[in-house]
Amino acid sequence: MLILVIGQGAREHAITHTLLLDPNIEVVCAPGNPGIAQIAKIAPVDVNEISSVVDLAKTHKPDLVVIGPEAPLVAGLADELRSAGFLVFGPSKAAAALEGSKSFAKEIMQAAGVPTADSKYCQSVPEAKAALELFGSPYVVKDDGLAAGKGVVVTDDFDMAVAHAMACIDSRDGGAVVIEEFLDGPEVSLFGVSDGTTIVPLTPAQDFKRVGDNDAGPNTGGMGAYSPLPWAPKNFVTEVTKTVLQPMIAEMNRRGTPFVGLLFAGLAVTSRGVRVIEFNARFGDPETQVVLARLNSSLSELLVAAATGKLSSLPALDWKPDSAVTVVMAAKGYPESPSLGAVISGINHAQELGSLVYHAGTKTNDDGELLVNGGRVLSVTALGSDLAVARSQAYSGVERIRFDGEHHRSDIALKAALGEIRLGDHN
Ligand code: AMP
Ligand code: GLY
């Protein structure tokens with residue numbers, strides 16, 4: 001079976017790696033990256049040019065297309081591929097709006113009775129100021145459109161909150177912000193694979209959004225992750241599936257825009273119960289690296305069952321008892337202004353130690369050297385008998401890899417491994 005994976009990050013590297021554990025699967029990844037090129041065919045394409053991706057699919061005739069990133073989903077790539085006759089894992093444009101528009105996601109949550117932060121949609125600065133005063137500090141200001149994980153500012157500084165609101169409102173015609181109440185409590189990422197009617201939860205993970213240790217500095221796309229969550233409440237996945245994932249899928253179905261693909265719930269486990277922070281319409285990065293590391297069942301069978309509407313007859317998923325940790329190695333200046341071009345060395349040594357080294361922002365030059373080519377450069381992933389073992393294994397891998405200006409967090413999964421996360425703490 002041939003699967004076309006669309007995207008070029010560590011997430012797509014992890015998806016490709018996991019699909020290829022099944023000897024009956026072949027993968028073409030477009031555009032891929034140098035790490036993916038070592039295990040699968042890659043094909044150059046701009047994932048945001050929908051017609052080029054459809055042409056590529058016509059050339060390769062895959063049995064399934066798996067779409068990684070949000071931008072092509074929100075732009076309608078899945079619809080175009082389906083109209084051309086391909087089986088697709090990824091939501092339609094209408095369903096991907098759950099990620100593409102924060103205000104649309106709020107509307108669906110309200111209709112479905114899904115618990116989330118109280119919020120106000122603001123299209124002018126005076127409206128935004130009034131909403132900030134209403135909810136009080138800490139202030140939470142979100143760009144209404146797609147912003148690659150960087151459209152949200154959480155701050156105690158009123159002027160900074162207003163400045164971000166102004167920047168988002170002025171950034172484009174129809175610019176708007178969503179301002180909402182602050183949610184305390186640790187965050188959880190829970191993925192559900194949906195065929196439009198049935199949704200199957202995967203194992204939960206925790207992401208580290210801020211660039212620095214102890215959650216210092218600005219938000220990023222994600223600096224590391226771990227799974228499972230030893231501190232999560234009992235029956236957490238079952239409860240969230242019942243109160244969040246299934247109602248969302250039912251409401252999307254009721255509206256005639258079924259969600260077929262991966263629904264990613266970003267949750268806060270607050271002192272008042274679980275609340276949704278946001279939805280994404282795709283696999284999370286770096287959570288996918290740890291979630292898939294723990295999956296024993298066949299990933300291709302799961303994705304095909306979703307794409308063909310057959311999830312209700314799929315056997316229950318099987319998970320490894322091991323823990324998984326991934327640490328993102330970032331370029332100098334990330335997230336503000338990553339500097340590119342540094343030479344990367346030592347990946348082989350990290351792999352010899354047993355780490356899975358997933359590529360994100362890398363490229364090779366004419367001399368065959370591997371260079372930094374993006375903000376998040378590598379995602380070093382390891383399994384272990386518990387979180388402490390998985391952490392030390394992942395960090396041993398990180399220590400073997402070098403490039404100028406490299407930085408990473410040193411506290412990924414630390415509190416969880418030490419048993420120091422209590423419900424009511426923020427991370
Ligand atoms: P989002 O893009 O909506 O996931 O927001 C990015 C990050 O901002 C989240 O992972 C949280 O760390 C933080 N955040 C977003 N909304 C809230 C909220 N209402 N209360 C507290 N933190 C939030
Ligand atoms: N790690 C969060 C995301 O993929 O959006």
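Residues numbered from 1 in each chain as written. Chains lettered and ligands numbered in written order. Predicted model: local features only at pLDDT ≥ 70, side-chain atom pairs only at ≥ 80, totals over all residues. Heavy atoms only, no water.

Examining the site of ligand 2
Operational definition: Put simply, a residue is near a molecule or strand once any heavy atom of it comes within 4 Å of that molecule or strand. Polar contacts, as counted here, are pairs of nitrogen or oxygen atoms within 3.5 Å of one another; within protein the pair requires one atom able to donate a hydrogen and one able to accept it, and residues that are adjacent in sequence qualify only if both atoms are side-chain atoms. All accessible-area figures derive from a Shrake-Rupley calculation using a 1.4 Å probe, and residue coverage is judged against the displayed protein chains alone. Residue type decides the class: Asp, Glu, Lys and Arg count as charged, Ala, Val, Leu, Ile, Met, Phe, Trp, Tyr, Cys and Pro as nonpolar, and the leftover types, Gly among them, as polar.
With respect to spatial proximity, the complete set of residues near ligand 2 consists of Asp-207, Lys-209, Gly-221, Phe-264, Asn-280, Arg-282, Gly-284, Asp-285, Pro-286 and Glu-287. Asp-207 places a polar side-chain atom, nitrogen or oxygen, 2.9 Å from a nitrogen atom of ligand 2. Glu-287 places a side-chain nitrogen or oxygen 2.8 Å from a nitrogen atom of ligand 2. Calculation on ligand 2 without its partners gives an accessible area of 200 Å², and the protein chains cover 91% of this total. Taken together, the residues that form the shell around ligand 2 break down as two nonpolar, three polar and five charged.

Focus: the packing of helix H8 (residues 125-135) against helix H9 (residues 158-170)
Formally: Axes, fitted as lines to C-alpha atoms, cover a helix only where it is in contact. Angles between the N-to-C directions of the axes lie from 0 to 180 degrees. For helices the rule is a DSSP run of H or I covering at least 4 residues; for strands it is a run of E covering at least 2, with both sets numbered from the N terminus onward. A crossing counts as left-handed when the near helix is turned anticlockwise from the far one by less than a right angle, and as right-handed when that turn is clockwise. Note on definitions: a residue-residue contact is assigned when non-hydrogen atoms from the two residues lie within 4.5 Å.
Remark: H8 packs on H9, axes separated minimally by 10 Å, with the N-to-C direction vectors making an angle of 145°. Here the hand of the crossing between H8 and H9 comes out right-handed. Between H8 and H9, the contacting residues are Val-125, Ala-128, Lys-129, Leu-132 and Glu-133 on the first element and Phe-158, Ala-161, Val-162, Ala-165, Met-166 and Ile-169 on the second. Classifying every residue of the contact of H8 with H9 gives nine nonpolar, no polar and two charged.

A look at the pairing of strand S18 (residues 323-330)
Formally: A 1.4 Å probe rolled over the protein chains alone gives each residue an accessible area, and that area as a share of the maximum for its type sets the label: buried under 20%, exposed over 50%, partly exposed in between. At least two DSSP bridges between two strands are required for those strands to pair.
Burial within S18 is extensive, with eight of its eight residues counted as buried. Bridge analysis of strand S15 (residues 224-227) against S18 gives four bridges, and the strand direction is antiparallel. Bridged to Tyr-226 within S18 is Val-325.

Quick notes on helix H12 (residues 299-307)
For an α-helix, the turn length of 3.6 residues means that residues three or four places apart are oriented alike. Counting buried residues along H12, seven of its nine residues qualify, which places the element largely inside the surrounding structure. Where H12 is concerned, the buried positions are Leu-299, Ser-300, Leu-302, Leu-303, Ala-305, Ala-306 and Ala-307. Phi for Gly-309, located one or two positions after H12, is positive at around 75°.

Some words on the site of ligand 1
Lining the immediate surroundings of ligand 1 are 14 residues, of which Glu-180, Leu-183, Glu-187, Lys-209 and Glu-278 lie closest. In the model, a nitrogen atom of ligand 1 is placed 2.9 Å from a nitrogen or oxygen of the Glu-181 main chain. In this structure, Glu-278 approaches ligand 1 through a side-chain N or O atom, which is 2.7 Å from an oxygen atom. Isolated, ligand 1 exposes 470 Å² of accessible area, and the fraction of that covered by the protein chains is 95%. Secondary-structure elements contributing two or more residues to the shell around ligand 1 are strand S7 (139-143), strand S8 (152-155) and strand S17 (273-280). A per-class count over the shell around ligand 1 returns six nonpolar, one polar and seven charged.

Comments concerning the state of the cysteines
To keep things clear, this is the line we draw: Whenever a pair of cysteine sulfur atoms sits within 2.5 Å, that pair is classed as a disulfide.
Applying the stated criterion to the full structure yields zero disulfides. Cys-122 takes part in no disulfide bond, and the closest cysteine sulfur, belonging to Cys-168, lies 11 Å away.

Take it as geometry only, folks, not as evidence of what the structure does.
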